[in-house]
Amino acid sequence: MDFNDITTRLKRIYSSIDARFDYDIDKHINIEKESTPTQKSIKVSFDKQTNESDALNKIVTVIDNLAKLKDHLKNRLSTNGGNPQVIENEINASFHLSIVLDLSNQDKHGYPLGRKKRSHKNPRIENVESAMQLTSSQGQWSYFTMDPITGEYKTQGDCKVAIMADIVDDQGNKLMKIDELINGTLAQWERIIKKYNIT
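Residues numbered from 1 in each chain as written. Predicted model: local features only at pLDDT ≥ 70, side-chain atom pairs only at ≥ 80, totals over all residues. Heavy atoms only, no water.

Q: Looking at this model, I keep getting lost on a negative patch on the surface. Mind explaining?
A: Side chains of Glu 32, Glu 34, Asp 47 and Glu 129 sit close together on the surface and give a patch of like negative charge. Note that Asp 47 resides in the loop between β3 (40–45) and α2 (52–79). The class for Asp 47 is partly exposed, based on a relative accessible area of 37%. (Patch = residues over 30% accessible without salt bridge, like charges linked within 9 Å, V, L, I, M, F, W, Y side chains within 5 Å. Areas by Shrake-Rupley, 256 points an atom, 1.4 Å probe, with all protein chains shown as cover. Salt bridge = Lys/Arg side-chain N within 4 Å of Asp/Glu carboxyl O. Lys, Arg positive; Asp, Glu negative; His and termini not counted. Charge placed at Lys NZ, Arg CZ, Asp CG, Glu CD. Helix = DSSP H or I, 4+ residues; strand = E, 2+ residues; numbered from the N terminus. Buried < 20%, exposed > 50% of the residue type's maximum accessible area, 1.4 Å probe, protein only.)

Q: What is the right way to look at unusual backbone geometry in this model?
A: Of the consecutive residues Tyr 111 and Pro 112, the connecting peptide bond is found in the cis state with omega at -10°. Here Pro 112 shows up in the loop between α4 (95–109) and β4 (124–135). In this structure, His 120 takes a positive phi of about 60° despite not being glycine. Of note, His 120 is situated in the loop between α4 and β4. Even without glycine at this site, Asn 122 takes up a positive phi of about 45°. Within the secondary structure layout, Asn 122 lies in the loop between α4 and β4.

Q: Where do I start with the pairing of strand β5 (residues 143–146) in this structure?
A: In regular strands, side chains alternate between the two faces of the sheet. Note that β5 and strand β6 (residues 153–156) share four bridges and pair antiparallel. The partner of Met 146 across the bridge, within β6, is Tyr 153. Taken together, β5 and the strand that follows it, β6, pair antiparallel across an intervening segment of six residues, in which Gly 151 is found at a positive phi of about 80°. (Pairing = 2+ DSSP bridges.)

Q: What exactly am I supposed to notice about the nonpolar core here?
A: Soluble globular proteins: nonpolar side chains tend toward being buried together. By size, the foremost hydrophobic cluster in this structure holds 33 residues, and its most contacted members are Leu 66, Leu 73, Ile 87, Ile 178, Leu 181 and Trp 189. With nine residues, the single largest contributor to this core is α2. When neighbours within four sequence positions are excluded, Trp 189 is seen to be in contact with Leu 66, Leu 69, Lys 70, Leu 73, Ile 87, Ile 91 and Leu 97. One finds Ile 25, Ile 29, Phe 46 and Cys 159 within the second-largest nonpolar core, a separate group that totals five residues. (Core = buried A, V, L, I, M, F, W, Y, C linked by side-chain atoms within 4.5 Å. Contact = heavy atoms within 4.5 Å.)

Q: Is there a simple way to think about the packing of aromatic side chains in this case?
A: Two aromatic rings are characterised by how far apart their centres lie and by the angle between their planes. Per the stated rule, a full pass over the model turns up two aromatic pairs. Judged by centre distance (5.8 Å) and plane angle (75°), the ring pair of Phe 46 and Phe 144 falls under edge-to-face. Of the two residues, Phe 46 is situated in the loop between β3 and α2 and Phe 144 in strand β5; the sequence distance between them amounts to 98 residues. Residue Phe 46 is classed as buried on the basis of its relative accessible area of 10%. Ring geometry for Phe 144 and Tyr 153: centres 5.4 Å apart, planes at 25°, overall stacked. Classification of Phe 144 as partly exposed rests on a relative accessible area of 23%. In this structure Tyr 153 comes out as partly exposed when scored by relative accessible area, which is 24%. Site record: aromatic cluster; members linked through ring pairs are Phe 46, Phe 144 and Tyr 153. Against the face of Phe 21 rests Lys 160, its NZ or CZ located 5.5 Å from the ring centre. (Phe/Tyr/Trp six-rings, centres within 6.5 Å; stacked < 30°, edge-to-face > 60°. Lys NZ or Arg CZ within 6 Å of the ring centre and 35° of its normal.)

Q: How should the packing of helix α3 (residues 85–93) against helix α5 (residues 178–195) be read in this particular structure?
A: For any two helices packed against each other, one specifies the inter-axial angle together with the distance between the axes. Running from N to C, α3 and α5 cross one another at 150°; their axes reach a closest spacing of 11 Å. Handedness of the α3/α5 crossing: right-handed. In contact with Ile 87, Glu 90 and Ile 91 of α3, α5 contributes Trp 189, Arg 191, Ile 192 and Lys 195. Here the contact of α3 with α5 is composed, by residue class, of four nonpolar, no polar and three charged. (Axes fitted to C-alpha atoms, helices over the stretch in contact; angles between N-to-C directions. Left-handed = near helix turned anticlockwise from the far one by under 90°. Nonpolar A, V, L, I, M, F, W, Y, C, P; charged D, E, K, R; others polar.)

Laid out in structure tokens, this is it:
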């Protein structure tokens, strides 16, 4: 494997992102029925086989893979005769990239970072959970329905169980959802790769 190949590294990033999703809903769905003389209720969650440490590891793997792209882009740019400092400047100008680099460095060095805090938010990953995610596209609806009596369910379209989380600052204020962080960071890296023609 060529560790320096940017295309291969991007494919690995996308693969780690995909590991957050599972289309086998049966593995995750947890149905609890409760009855009283006056009412019946059903509680549905998607955490039957969720281990918080495993879920957090999947999130941290994505964050680390996104963060590691920094050094590879700097090296490739330098090899091609460019100034690697422009990558640092782009990171510092991007909220998403700054948050990803801070989270990755905190995983490596501990919390809070003593130096090189890019975002100045001391971000943390909180509220890690498994949830149903439905995605609809033009002309195709996705849905999840359940019979409240039998507990039998049906899905249609793009239905999957996703590992979700919030990104918060050191005061507990929500900065964004993990999906927004991942998508925003990918968009920034792709913009930078195109802007500086890094191949």
